[in-house]
Amino acid sequence: MTAPAQTRTTEARPTAPESRRRSPELPAPRGELSRAVVTALRDGTPVPDLRDAQHADAYGDDLQLALYVLYELHYQGFAEVPDDREWDPALLSLRHVLERRFLDALHADVPASDDAEAALAELLVEPVGHDEASVSHHLQRDGETWQLREYAALRSLYHLKEADPHAWVIPRLHGRAKAAMVAIEYDEFGAGRAEDIHARLFAGLMADLGLDTSYGHYVDAAPAEVLATVNLISLFGLHRAHRGALVGHFAWVEVTSSPGSRRLSAALRRTGAGPAAQRFYDEHVEADAVHEQVVRRDVVGGLLAAEPGLEADVAFGVRATGFLEDRLGARLLRAWREGRSALLVPLPDGPGAMAE
């Protein structure tokens with residue numbers, strides 16, 4: 001029998017929408033690579049030999065969608081795709097080629113550094129006044145409701161599985177770094193309360209904005225710049241060799257989250273979004289202000305104390321994340337300032353929607 005005090009605490013909290021009732025459908029292909037992957041999974045056939053995959057556009061829609069689909073086999077999978085395709089050797093072989101192409105491009109575009117602290121210190125400098133290149137600054141001051149809805153739809157590809165990709169690193173850490181990482185992840189997963197899991201809070205935000213809360217629902221609307229930010233976490237998380245880079249990615253997220261969340265919360269209040277929408281970012285303002293200190297001191301510091309040879313990897317994780325986020329921000333702001341949708345498939349009641 002449940003103790004009365006526990007029952008009262010649970011009943012006092014509102015029920016948030018559930019975002020993972022079933023696996024999503026396979027997305028529409030965007031080129032040869034993604035078509036080969038989607039067809040193989042849909043029809044149960046082997047993936048063809050794609051010898052030219054290593055020459056594909058590393059940041060393009062085709063490669064990024066193919067990677068996204070392959071990575072999702074390790075998360076929620078897809079409707080009518082057997083679970084054992086997760087470990088299909090041919091799919092894994094193709095994924096390796098695509099990952100190498102993506103990583104090679106990032107290493108060419110992101111300045112090398114062996115100073116993780118310096119990479120993180122760059123994130124601590126807040127601009128004076130309005131930052132024209134910042135999505136959260138734009139949404140706080142000038143953002144319209146339709147832009148906030150587009151932003152939430154695109155970010156749902158990560159936030160409806162928030163913290164899951166970072167959890168891959170836990171078995172690969174030791175001592176102080178592991179203990180601190182688990183402590184932060186515990187908060188991300190609701191501190192033991194299903195209704196407080198951050199992915200579920202984001203589903204509540206989406207519901208308040210009139211969006212579909214189904215897991216992976218907006219993948220066909222997401223441009224390559226969005227897919228790349230999501231794929232980067234999976235790439236780092238699924239490989240032990242990239243544990244340092246994943247910690248760097250995690251540090252970037254936690255260090256930048258609190259000020260960005262404060263601006264996004266203000267944008268939602270200004271445009272009259274509901275309380276569930278506001279709560280998601282309010283939660284991150286408070287929690288991530290604490291997490292930022294813990295991740296720098298104990299997750300990054302603990303990892304580098306145990307494995308100092310990973311410092312360049314941590315710095316790469318920080319800067320590669322920033323590089324891809326800057327590319328995404330530029331795409332969103334360019335579209336919004338031109339008064340058009342940033343989505344490949346506009347929302348039904350947003351700019352660019354087809355008239356009935």
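Everything below is about the structure printed above this text.
Right, let's walk through the structure included here. As the structure is a computational prediction, the values presented were derived from the model and not from experiment.

**Brief notes about unusual backbone geometry**
Logical step 1: One non-glycine residue, glutamate 80, adopts positive backbone phi at about 70°.
Logical step 2: Within the secondary structure layout, glutamate 80 lies in the loop between helix H3 (61-72) and helix H4 (89-109).
Logical step 3: What makes glutamate 80 exposed here is its relative accessible area of 77%.
Logical step 4: With a phi angle near 50°, alanine 191 is a residue other than glycine that sits in the positive phi range.
Logical step 5: Secondary-structure assignment places alanine 191 in the loop between helix H9 (175-188) and helix H10 (198-208).
Logical step 6: Exposure remark for alanine 191: the relative accessible area of 34% places this residue in the partly exposed category.

**Concerning the side chain of arginine 263**
Logical step 1: Assignment of secondary structure puts arginine 263 in helix H12 (residues 243-270).
Logical step 2: A polar contact is formed between the side chain of arginine 263 and the side chain of histidine 137, at a distance of 3.4 Å.
Logical step 3: Setting aside residues up to four positions removed in sequence, arginine 263 forms contacts with Glu126, Ser136, His137 and Gln140.

**A few points about the nonpolar core**
Logical step 1: Core analysis: the biggest nonpolar cluster contains 108 residues, and Leu98, Phe102, Leu205 and Trp336 have the highest contact counts within it.
Logical step 2: Per-element tally for this core: the top contributor is helix H14 (residues 311-337), with eleven residues.
Logical step 3: Residues in contact with leucine 98, not counting those within four places in the same chain, are Leu33, Ala53, Leu63, Ala66, Leu67 and Leu70.

**Some points on H9**
Three or four residues apart is the spacing at which side chains of an α-helix point the same way, because the helix has 3.6 residues per turn.
Logical step 1: In this model H9 runs 20 Å from its N-terminal to its C-terminal C-alpha over 14 residues, within 8% of the 20 Å that 1.5 Å per residue would give.
Logical step 2: Ala177, Ala180, Met181, Ile184, Glu185 and Glu188 are the residues of H9 that are buried. Along H9, the residues classed as buried sweep out an arc of 135° about the axis, all on the same side.
Logical step 3: One or two positions beyond H9, positive phi appears at glycine 190, with a value near 85°.

**Looking at the pattern of salt bridges**
Logical step 1: The tally for this structure, following the rule as stated, stands at 22 salt bridges.
Logical step 2: Among the salt bridges present, the one from arginine 337 reaches glutamate 132, with a minimum N-O distance of 3.3 Å. You can see arginine 337 sitting in helix H14 and its partner glutamate 132 sitting in the loop between helix H5 (116-121) and helix H6 (135-141), a full 205 residues away along the chain.
Logical step 3: A relative accessible area of 45% means that arginine 337 is categorised as partly exposed.
Logical step 4: Residue glutamate 292 is joined to arginine 296 by a salt bridge in which the shortest nitrogen-to-oxygen separation is 3.4 Å. Note that glutamate 292 and arginine 296 are positioned in helix H13 (residues 275-306) at a spacing of four residues, about one turn of the helix.

About the criteria used
- Residues numbered from 1 in each chain as written.
- Predicted model: local features only at pLDDT ≥ 70, side-chain atom pairs only at ≥ 80, totals over all residues.
- Heavy atoms only, no water.
- Helix = DSSP H or I, 4+ residues; strand = E, 2+ residues; numbered from the N terminus.
- Buried < 20%, exposed > 50% of the residue type's maximum accessible area, 1.4 Å probe, protein only.
- Polar contact = N/O pair within 3.5 Å; in protein donor to acceptor, adjacent residues only side chain to side chain.
- Contact = heavy atoms within 4.5 Å.
- Core = buried A, V, L, I, M, F, W, Y, C linked by side-chain atoms within 4.5 Å.
- Expected span 1.5 Å × (residues − 1).
- Arc of directions from axis to C-beta.
- Salt bridge = Lys/Arg side-chain N within 4 Å of Asp/Glu carboxyl O.

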